Amino acid sequence: MKSLTTYLFVMFMAIFWIFRIIVAFCYNLGVNFVAVPMDLNFEVVLLFLDFIAIILVIKRISLGGVFYLIGHGLYFGIDTFNGVMAMMNNEAVNYGNFMFSFIGIIIPILVLFDLLLDKNRKEHPVDKKTDWFFKNEDFDRKYDERADKNQYKF
């Protein structure tokens, strides 16, 4: 994890994960909260899978981003689609659930894009400590010019 976007996406993933733990806990206690889980059993399974996906994303493994997107797409995609259709038909919508379902779809898409774009950075890393020497053609030219001038003839 070298880029700022990766740190931010992992933080958003962790914050959203903690928020969903709070939502599931409040629903289990019967406390009214901003959002309500659609299926508590699937929510708990998804929370454990998300923890594994967060670890895989931290290690920059693309499979973690794919699992994260598939799990959230299956769980939050249905609610987001139903919310959009209800809004188009002027029906009542729980905007708290809709907003968090929409966020639950956007974060995995952005994480997967970040992982896919990071493959180029991972295959062609830039290290400022050594690149000035190994990838600096001006230094090589100066070194070659000095070497040519210091040839002694016997």
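Preceding block: the structure.
Here is what the cut-offs are and how they apply
Residues numbered from 1 in each chain as written. Predicted model: local features only at pLDDT ≥ 70, side-chain atom pairs only at ≥ 80, totals over all residues. Heavy atoms only, no water. Helix = DSSP H or I, 4+ residues; strand = E, 2+ residues; numbered from the N terminus. Salt bridge = Lys/Arg side-chain N within 4 Å of Asp/Glu carboxyl O. Buried < 20%, exposed > 50% of the residue type's maximum accessible area, 1.4 Å probe, protein only. 1 Å grid on protein atoms, 1.4 Å probe; cavity = no way out; pocket = protein on both sides within 12 Å on 5 of 7 lines; lining within 4 Å. Points joined across faces, edges and corners; volume = space filled by probe spheres on them. Expected span 1.5 Å × (residues − 1). Nonpolar A, V, L, I, M, F, W, Y, C, P; charged D, E, K, R; others polar. Patch = residues over 30% accessible without salt bridge, like charges linked within 9 Å, V, L, I, M, F, W, Y side chains within 5 Å. Areas by Shrake-Rupley, 256 points an atom, 1.4 Å probe, with all protein chains shown as cover. Axes fitted to C-alpha atoms, helices over the stretch in contact; angles between N-to-C directions. Parallel < 35°, antiparallel > 145°, perpendicular 65-115°, else oblique. Left-handed = near helix turned anticlockwise from the far one by under 90°. Contact = heavy atoms within 4.5 Å.

### Quick look at unusual backbone geometry
Non-glycine residue Arg60 carries a positive phi angle of around 65°. Within the element layout of this structure, Arg60 appears in the loop between α2 (40-58) and α3 (62-88). At Asn90, a residue that is not glycine, the phi angle is positive and equals roughly 55°. The topology assignment puts Asn90 in the loop between α3 and α4 (95-123).

### Focus on the pattern of salt bridges
The final tally for this structure, using the stated rule, is three salt bridges. Here Arg20 and Glu43 are joined by a salt bridge, their closest N and O atoms 2.9 Å apart. With Arg20 in helix α1 (residues 4-29) and Glu43 in helix α2, this residue pair connects regions lying 23 residues apart in the sequence. Among the residues examined, Arg20 registers a relative accessible area of 3% and is labelled buried. On the basis of relative accessible area, Glu43 is assigned to the buried category, the value being 3%.

### Details of the layout of surface pockets
There is about 150 Å³ of room inside the second largest pocket. Per-element tally for the lining of the second largest pocket: the top contributor is α2, with six residues.

### Here's the deal with α1
End to end, α1 covers 38 Å across 26 residues, agreeing with the expected 38 Å (1.5 Å per residue, within 8%). Along α1, the residues classified as buried are Thr6, Phe9, Val10, Met13, Phe16, Phe19, Arg20, Val23, Ala24 and Cys26. Gly30, located one to two residues past α1, shows a positive phi value of around 85°.

### Some words on empty space enclosed by the protein
Scanning the model with the defined rule gives one cavity of 30 Å³ or more in all. Ala35, Val36, Pro37, Phe76 and Asn97 are, among the 15 residues lining the largest cavity, the residues nearest its centre. Elements that contribute at least two residues to the lining of the largest cavity include exactly α1, α3 and α4. It is α1 that contributes the most residues to the lining of the largest cavity, four residues altogether. Of the residues contributing to the lining of the largest cavity, the split by class is 10 nonpolar, two polar and three charged.

### Considering a nonpolar patch on the surface
Judged by side-chain polarity, Phe42, Ile61, Leu63, Val66, Phe67, Ile70 and Leu74 come together as a nonpolar surface patch covering roughly 620 Å² of accessible area. In terms of residue count, the dominant contributor to the nonpolar patch is α3 (five residues). Among the secondary structure elements, Ile70 is positioned in helix α3. On the accessibility criterion, Ile70 (46% relative accessible area) is partly exposed.

### Remarks on the packing of α2 against α3
Each pair of packed helices gets described by two things: the angle between the helix axes and the distance between those axes. Where α2 contacts α3, the two axes come as close as 8 Å, and the packing angle between them is 155°. By the angle class used here, α2 and α3 are roughly antiparallel. Both α2 and α3 take part in a crossing whose hand is left-handed. Contact residues: α2 offers Phe42, Glu43, Leu46, Asp50, Ala53, Leu56 and Val57, while α3 offers Gly64, Gly65, Tyr68, Gly71, His72, Tyr75 and Phe76. Its residues assigned to classes, the contact of α2 with α3 shows eight nonpolar, four polar and two charged.

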